[in-house]
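Single-letter residue listing:
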Amino acid sequence: METISIINAKDYVDQKVRIGVWLTNKRSSGKIAFLQLRDGTAYFQGVVVKNNVSEDVFKLAKEVRQEASMYVTGTIHEDTRSHFGYEIEIEDIELVGQSEDYPITPKEHGTDFLMDHRHLWLRSKRQFAIMKIRNEMIRATYEFFNKEGFIKLDSPILTGSAPEGTTELFHTEYFEKDAYLSQSGQLYAEAGAMAYGKVFTFGPTFRAEKSKTRRHLIEFWMIEPEMAFMHQEESLEIQERYIAYLVEKVLENCDYELDILGRDKEVLKRYTQLPYPRISYDDAIKLLQESGKFPDVKWGEDFGSPEETYLAEHFSKPVFVLNYPKAIKPFYMKPHPTREDLVVCADLLAPEGYGEIIGGSERATDPEYLAKQIEDAGLNKADYEWYLDLRRYGSVPHSGFGLGLERAVTWITGEDHIREAIPFPRLLNRIYP
Ligand code: 4AD
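Residues numbered from 1 in each chain as written. Predicted model: local features only at pLDDT ≥ 70, side-chain atom pairs only at ≥ 80, totals over all residues. Heavy atoms only, no water.

Enquirer: An account of the packing of helix 5 (residues 186-196) against helix 12 (residues 385-392) is requested, with residue identities and associated values reported.
Expert: Following both chains from N to C, one finds helix 5 and helix 12 inclined at 30°, their axes separated by 10 Å at the closest point. Crossing of helix 5 against helix 12: the hand is left-handed. From helix 5, Q186, L187, Y188, E190, A191 and M194 reach across to helix 12, where they touch W386, Y387, L390 and R391. (Axes fitted to C-alpha atoms, helices over the stretch in contact; angles between N-to-C directions. Helix = DSSP H or I, 4+ residues; strand = E, 2+ residues; numbered from the N terminus. Left-handed = near helix turned anticlockwise from the far one by under 90°. Contact = heavy atoms within 4.5 Å.)

Shown next, in the form of structure tokens:
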């Protein structure tokens, strides 16, 4: 007899197997007990029929508590009534760990309560589905960039640089010196692109943002590709192919999980159709003004979440907004060739109200321009000499972008809040558990 995972039940119909499981819920009558089981690969039902098992086994089936762990032995049957499609008729139960009163019951709980029990909440079906989809997106990310000839380059977490501005830095001590937790791996990715052509970094990034919104985490994971010998247009093509690839792979490999979440797959399929529309910042401002819905919107300001939602809904696909005002973007972006007030950059806005999921740009290549930008940003030039070196020794046009993994997971899973897109979210007022 084989020990199997629930997800493989389909290959063992009418066969006797053994599975290590936890009990998620149970229902029993005098003669039959229905045990809802999970093992981390899927959820299904175990049926214990009093007349077909020993007295001890039936007693155990009735006594076993929510989240107790056990080995069940029995025969797999098709179960057309359930979404999973299979169940196990249990003959024997071997209790491994009985459970105390489990705090998360099948009734509704408030968000704070669930967040306090995040270490247990992760076992729930929706959280399982979200984490599996997150994992598929990470897997597909490595697959996509490796196929495209990128290598993964690990950027440091402890840094002396502040690519995205100094206001949101997490300060720490590095022996006798100041250091910060990384806001972005980009500057290091640029060094990597000059060494290996096409690279991507993927790691945790930290922003001490005092914003309490459904799109902001204090610690989030970012994928940052960087490409040498590349202008913005070609970078946008990589970005849209990457996003379409993520959606395609989730559709292909996470059907069960999307069903658990009730995500509309027809809507997701629309996001695999390329190209995504492109609109300039200037035209986006006009569109917002002409809509009559945003009387206060002015050229020169960044978009808020209602504006981003309106723009993406207008196209009902992810949309690139190109070439923002220089004054509201970081120091490293390439100045626009004909417009002094703009930089060559693009944000990708996701539809359905999810807002910006990618920020990217072509990078400035002129060392003197960059040195001035660094000083104007209030940064210490000496800390950026290494970065300026990238422009001193064989500088080339290059471009890159950053995808916030949790923003993308929230969008693709159709969740309301970014806190569920990461196992242990770090939020403004939360570092427990
Ligand atoms: O637009 P951002 O700040 O760009 C950068 O960090 C660049 N260095 C990227 C690059 O060109 N290599 O952030 C990029 C993305 C955003 O589009 C968003 O998806 C995500 O990172 N992001 C956040 N996600 C969750 N919580 C936050 N507080 C985030 N801030 C940014």
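Enquirer: Report on the site of the ligand, specifying residues and quantitative values.
Expert: In the neighbourhood of the ligand, 24 residues make up the surrounding shell, with E164, Q186, E209, E224 and E356 lying closest. A distance of 2.5 Å separates an oxygen atom of the ligand from a polar atom in the side chain of E356. The backbone of G404 places a nitrogen or oxygen atom 3.2 Å from an oxygen atom of the ligand. Given that more than half its atoms are within 2 Å of the pocket grid, the ligand belongs to the largest pocket. For the shell around the ligand, the secondary-structure elements that each account for two or more residues are strand 12 (219-228), strand 16 (355-362) and strand 17 (398-404). With five residues, strand 16 is the largest single contributor of residues to the shell around the ligand. When grouped by side-chain class, the residues that make up the shell around the ligand number eight nonpolar, eight polar and eight charged. (Near = heavy atom within 4 Å. Polar contact = N/O pair within 3.5 Å; in protein donor to acceptor, adjacent residues only side chain to side chain. 1 Å grid on protein atoms, 1.4 Å probe; cavity = no way out; pocket = protein on both sides within 12 Å on 5 of 7 lines; lining within 4 Å. Sits in = over half its atoms within 2 Å of the grid points. Nonpolar A, V, L, I, M, F, W, Y, C, P; charged D, E, K, R; others polar.)

Enquirer: Hey, could you go over the UniProt feature "domain: Aminoacyl-transfer RNA synthetases class-II family profile" (unreviewed entry) in the protein chain for me, with residue numbers and the actual values?
Expert: The feature "domain: Aminoacyl-transfer RNA synthetases class-II family profile" (unreviewed entry), as given by UniProt, occupies residues 131-433 in the numbering adopted here. Helix makes up 37% of residues 131-433 and strand 20%. Its end C-alpha atoms lie 17 Å apart. (UniProt positions renumbered as here; feature names shortened; annotations may be inferred.)

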